[in-house]
2 protein chains.
Amino acid sequence: MNISDIGEFGFIRAIQDHTIVTPETVTVGIGDDGAVYKTTPGMEQVVVIDTMIEGNHFIIGKTATWHAVGYKAVASNLSDIAAMGATATQLVLSTALIPSMTVADVKELYRGMKDICQVYGVNMVGGDTVTARESTVITVTVLGEIEKDKALLRSGANVGDVVAISHTLGNSCAGLDVLLQQERGYEELVKHHQYPQPQLALGRLLVSMNCHCANDISDGLASEANEIAKASGVNLILDKDKIPFSPALEQWCAYAKKDRYRYAFGGGEDYELVFTMAKDDFYRLKKQYDDVTIIGSVHPGTGMVLLRDGDKESPLQPQGWTHF
Amino acid sequence: MNISDIGEFGFIRAIQDHTIVTPETVTVGIGDDGAVYKTTPGMEQVVVIDTMIEGNHFIIGKTATWHAVGYKAVASNLSDIAAMGATATQLVLSTALIPSMTVADVKELYRGMKDICQVYGVNMVGGDTVTARESTVITVTVLGEIEKDKALLRSGANVGDVVAISHTLGNSCAGLDVLLQQERGYEELVKHHQYPQPQLALGRLLVSMNCHCANDISDGLASEANEIAKASGVNLILDKDKIPFSPALEQWCAYAKKDRYRYAFGGGEDYELVFTMAKDDFYRLKKQYDDVTIIGSVHPGTGMVLLRDGDKESPLQPQGWTHF
């Protein structure tokens, strides 16, 4: 059965169960002209929006399942919320679907979204669905909250700060190559690509530990670090040999003859955080959250990123995913 | 020059001026991972989302200009906010653009959005832009506020209420026919199609006048009235001869041999409001806002809409735009 057989209200009926995780915050959920929800007194509100397009961001049956697409469409938004240091609260989405898409596939897409919403306590409160012409388009908006004046901005990096990242880099793009080359194994890399984990808990810790500046790594470290340098009006110096990689990535690079730094600097969709803070604060953070690594430092400058490799320093240009 | 020539940050620079109308509510606007804004203490928050796709919702050069597309993409969302009785505050959007789109066209698209945001006092606080494959996709999310427990829902119609609508019906779809048939004149109808006016002021009046239930007429009156009847668990009886039409629409129907009721019941994108309230409250409303007309009444029932035509009553089935 295709979605063209069940119509708009059949579609809403098919997807509207298990959408509300924190009912005390939701006055009106899916099914009216708009959703109505409560905010926490004294908090500022955060809003992010992100779109995934079939063929550009995923290929069903090759790089993703519908379940993974739903999960990741929400994860990329939650990663932006994490990069602001906020908690996520509500979600609305718009799906442009091909009329011949099966109801089973639509349910899988929404199951993926609901699964990650359950994990992170986010309500799916509303949406819109239209007919796509050639390829599925999924746009998700996530709302969140943060204490007044505490949002982590790209423009906050201070001279003297350390530059640090969470976990390791490049796994997602390496996982994409595994899938595109139809290799077996490397499940950890594939999982990073299909089911990325937004760093919401770390984002909250960063706020409490006086972090000055954060960005999520969605377009490769080179691009994100340059954004911070430009927005903050400083130079970042990154130490090439301090960038952490997973054993799985090292193994894949050895096997497939790939450059791990190309993955780290130019690969997309890691959804880790890159952030800057005073060194003392970083070590306090590290006691509570071990999976963070210093990769560089903040210096007076004009908005450049320099990569230190042994004795040499050279500019690291943005080389991530470009959107046009 | 095309947008592929200026890149993502060139794109952001090209569109980010004149985006903030009420700076006192915005902490962080366009340019970071997310936007941060303030809400009014004691108010509940409203969120709506709506998507327009090139080829389905508009044809550039035939039914719309890029300026009109931008205006209407926001108008359809503001209409949903109006139907909730809320005020609109913030906006985020996602555009999937063809790389060969000219920078001039992109600016026109955004100028259309900014123009309507200025009129209704809405801030454009953030967005996402990706590459479209074949057709432009524009998704807008608007945030709003309303007093606690005052949102106008589809489920609130009470037996004994009158059913009323704002202004006249069918103009937008008639305007679309004018454009598709490449007729000259009928500027009023064309303007209704290209630059619909969301009924935000009326929505706020409805809240203050004890309105029980409202829906915006985006998919034709038949569809919207059926939604109210079903959600409220009542029957609506509509009087065919009470439905108001504009002189321009009557003139077009006479000329083009079109059925004005087909436009009213099945035409899309009028963005008027259909609402129910006690008769006394309606006449209080009418003193302050004359462009409202009683077209029917609410009766005990099982969720049907009946159309009264002289002595006859027959079910009015949803016949508006279906989304699959």
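For clarity, every value in this text was computed on a predicted model and none was experimentally measured. (Residues numbered from 1 in each chain as written. Chains lettered and ligands numbered in written order. Predicted model: local features only at pLDDT ≥ 70, side-chain atom pairs only at ≥ 80, totals over all residues. Heavy atoms only, no water.)

Asks: Would you take a moment to explain the UniProt feature "binding site: ATP" (unreviewed entry) in chain A for this structure?
Replies: All names here are of chain A. Sequence positions flagged by UniProt for "binding site: ATP" (unreviewed entry) are, in local numbering, Tyr110, Gly127, Asp128, Arg154 and Ser218. The named residues occupy 109 residues along the chain; their greatest pairwise C-alpha distance, 32.2 Å, places them well apart from one another. Looking at the secondary structure, you find Tyr110 in helix H3 (residues 103–120). Look at Tyr110 and you get buried, because its relative accessible area is 3%. (UniProt positions renumbered as here; feature names shortened; annotations may be inferred. Helix = DSSP H or I, 4+ residues; strand = E, 2+ residues; numbered from the N terminus. Buried < 20%, exposed > 50% of the residue type's maximum accessible area, 1.4 Å probe, protein only.)

Asks: Got a minute to help me understand the domain arrangement of chain A in this structure?
Replies: How big an interface is tends to be expressed through the accessible area that disappears when the partners come together. Residue and element names in this part refer to chain A. Taken domain by domain, chain A consists of domain 1 (3–147) and domain 2 (161–315). Distance between the C-alpha centres of domain 1 and domain 2: 27 Å. The interface of domain 1 with domain 2 comprises 24 residues on the first partner and 21 residues on the second. Between domain 1 and domain 2, the buried area comes to about 2000 Å², and carbon and sulfur atoms account for 57% of it. Taken as a group, Lys62, Thr63 and Lys72 account for 27% of the area that domain 1 buries against domain 2, more than any other trio of residues on that side. (Domains from an automatic or database assignment. Contact = heavy atoms within 4.5 Å. Buried area = accessible area lost by both parts, 1.4 Å probe.)

Asks: Just to check I follow, could you spell out the UniProt feature "binding site: Mg(2+) 5" (unreviewed entry) in chain A for this structure?
Replies: Residue and element names in this part refer to chain A. Sites flagged by UniProt as "binding site: Mg(2+) 5" (unreviewed entry) map to Asp219. Mapped onto the elements of the fold, Asp219 is located in the loop between strand S8 (213–217) and helix H7 (221–232). Residue Asp219 is classed as buried on the basis of its relative accessible area of 11%.

Asks: In this structure, what is going on with the interface of chain A and chain B? I would like to understand it.
Replies: At the junction of the two partners, chain A supplies 64 residues and chain B supplies 63 residues. Of the roughly 5200 Å² buried between chain A and chain B on both sides combined, carbon and sulfur atoms contribute 59%. Remark: the boundary between chain A and chain B carries 6 salt bridges. Here the element with the most residues in the side of chain A that touches chain B is strand S3 (residues 43–53) of chain A; it accounts for 9 residues. Note that strand S2 (residues 35–37) of chain A and strand S3 (residues 43–53) of chain B share 3 bridges and pair antiparallel. Within the sheet, the bridge partner assigned to Tyr37 of chain A lies in S3 of chain B and is Gln45 of chain B. (Salt bridge = Lys/Arg side-chain N within 4 Å of Asp/Glu carboxyl O. Pairing = 2+ DSSP bridges.)

Asks: I'm lost on the environment of Val125 of chain B in this one. Help?
Replies: By the element assignment, Val125 of chain B lies in strand S5 (residues 123–131). Taking C-alpha positions, Val125 of chain B is 39 Å from Ile294 of chain B, a pair spaced 169 residues apart along the chain. Here Val125 of chain B is in contact with Val47 of chain A together with Ile20, Val26, Val28, Gly29, Ile30, Ala35, Gln90, Leu91 and Val92 of chain B, once residues within four sequence places are set aside.

Asks: Would you mind showing me how to read the relation of the copies chain A and chain B here?
Replies: Between the two copies of the chain lies a rotation about an axis combined with a shift along it. Once turned by 180 degrees and shifted 0.0 Å along the axis, chain A lies on chain B with an RMSD of 0.0 Å. The operation mapping one copy onto its partner corresponds to a two-fold rotation axis. A high fraction, 98%, of the interface residues of chain A reappear at the interface in chain B, so the copies pair face to face through one surface. (Least-squares fit on C-alpha atoms with pLDDT ≥ 70 in both.)

Asks: Quick question: what am I supposed to make of helix H8 (residues 247–256) of chain B here?
Replies: Residues lying three or four places apart along an α-helix face the same way, a consequence of the helix completing one turn every 3.6 residues. Residue and element names in this part refer to chain B. Turning to H8, its buried residues number three or more, namely Ala248, Leu249, Trp252 and Cys253. Looking straight down H8, one finds its buried side chains confined to an arc of 135 degrees; they lie on one side. Within H8, the exposed residues directed more than 90 degrees away from the buried face are Pro247, Gln251 and Ala254. Backbone geometry just after H8 places Lys257 at a positive phi near 55 degrees. (Arc of directions from axis to C-beta.)

Asks: I would appreciate a short explanation of the packing of helix H1 (residues 3–15) of chain B against helix H3 (residues 103–120) of chain B in the present structure.
Replies: The description of two helices packed together rests on the angle between their axes and the distance between the axes. All names here are of chain B. Contact geometry for H1 and H3: axes closest at 11 Å, N-to-C directions at 25 degrees. It follows from the interaxial angle that H1 and H3 lie roughly parallel. Viewed along their axes, H1 and H3 form a crossing whose handedness is right-handed. Across from Ile3, Ile6, Phe11, Ala14 and Ile15 in H1, the residues of H3 making contact are Val103, Val106, Lys107, Tyr110 and Lys114. For the contact of H1 with H3, a count of residues per class yields 8 nonpolar, no polar and 2 charged. (Axes fitted to C-alpha atoms, helices over the stretch in contact; angles between N-to-C directions. Parallel < 35°, antiparallel > 145°, perpendicular 65-115°, else oblique. Left-handed = near helix turned anticlockwise from the far one by under 90°. Nonpolar A, V, L, I, M, F, W, Y, C, P; charged D, E, K, R; others polar.)

Asks: What should I look at first to understand the sheet that holds strand S9 (residues 234–239) of chain A in this one?
Replies: All names here are of chain A. Taken in spatial order, the 7 strands of this open sheet run S8-S10-S7-S11-S9-S12-S13, and their pairing is mixed. In this open sheet, the two edge strands, each paired with only one partner strand, are S8 and strand S13 (312–315). Sheet twist, expressed as the mean angle between neighbouring strand axes with direction ignored, is 25 degrees. In this fold helix H2 (residues 66–84) packs onto S8 and strand S10 (272–277), with an angle of close to 165 degrees to the strand it touches most, S8. Lying on the sheet, helix H6 (residues 200–208) is in contact with strand S7 (162–166), S10 and strand S11 (292–300); it crosses S10 at an angle near 5 degrees.

Asks: Would you mind showing me how to read the environment of Leu273 of chain A here?
Replies: Residue and element names in this part refer to chain A. Take Leu273: it is sitting in strand S10. Classification of Leu273 by relative accessible area gives buried; the value is 0%. Note: C-alpha distance between Leu273 and Arg154 (119 residues apart in sequence) is 12 Å. Once residues lying within four places of it in the same chain are set aside, the contact partners of Leu273 are Ala82, Ala83, Ala164, Ile165, Ser166, Gln199, Leu202, Gly203, Leu206, Asn215, Asp216 and Ile217.

Asks: For this particular structure, what's the right way to read unusual backbone geometry?
Replies: A negative phi angle characterises most non-glycine residues, just as the trans form characterises most peptide bonds. Residue and element names in this part refer to chain B. Here Gln182, not a glycine, exhibits a phi torsion of approximately 55 degrees, which is positive. Position of Gln182 among the secondary structure elements: in the loop between helix H4 (171–180) and helix H5 (187–194). In this structure Gln182 comes out as exposed when scored by relative accessible area, which is 63%. Of note, the phi angle at Lys257 is positive, near 55 degrees, even though the residue is not glycine.

Asks: Teacher, can you tell me more about the pattern of salt bridges here?
Replies: Two side chains carrying opposite charge are able to pair once their charged atoms lie near each other. Scanning the model with the defined rule gives 36 salt bridges over all chains in all. Note that Lys38 of chain A and Glu44 of chain B form a salt bridge whose closest N and O atoms lie 3.4 Å from each other. Of this pair, Lys38 of chain A sits in the loop between S2 and S3 while Glu44 of chain B sits in strand S3, on two different chains. Note that Asp149 of chain A and Lys148 of chain A form a salt bridge whose closest N and O atoms lie 3.2 Å from each other.

Asks: What's the story with the pairing of S10 of chain A in this structure? I'm lost.
Replies: Within a regular strand, side chains alternate between the sheet's two faces. Residues and elements named next belong to chain A. For S10, the tally of buried residues reaches 6 of 6 residues, placing the bulk of the element in the interior. Here S10 shows no split at all, with Glu272, Val274 and Thr276 on one side and Leu273, Phe275 and Met277 on the other all buried. Bridge count between S7 and S10: 4 bridges; the pairing is antiparallel. When the bridges of S10 are listed, Ile165 appears paired with Val274. Pairing between S8 and S10: 5 bridges, direction antiparallel. By the bridge assignment for S10, Ile217 is matched with Glu272.

Asks: Would you take a moment to explain the environment of Glu54 of chain A for this structure?
Replies: Secondary-structure assignment places Glu54 of chain A in the loop between S3 and H2. Judged by relative accessible area, which is 21%, Glu54 of chain A ranks as partly exposed. For Glu54 of chain A and Ser76 of chain A, which are 22 residues apart along the polypeptide, the C-alpha to C-alpha distance reads 15 Å. If we ignore the near neighbours within four places in the chain, the residues touching Glu54 of chain A are Ile60, Trp66, Ser135 and Thr136 of chain A together with Arg133 of chain B. Side-chain polar atoms of Glu54 of chain A contact the side chain of Thr136 of chain A, separated by 2.8 Å. (Polar contact = N/O pair within 3.5 Å; in protein donor to acceptor, adjacent residues only side chain to side chain.)

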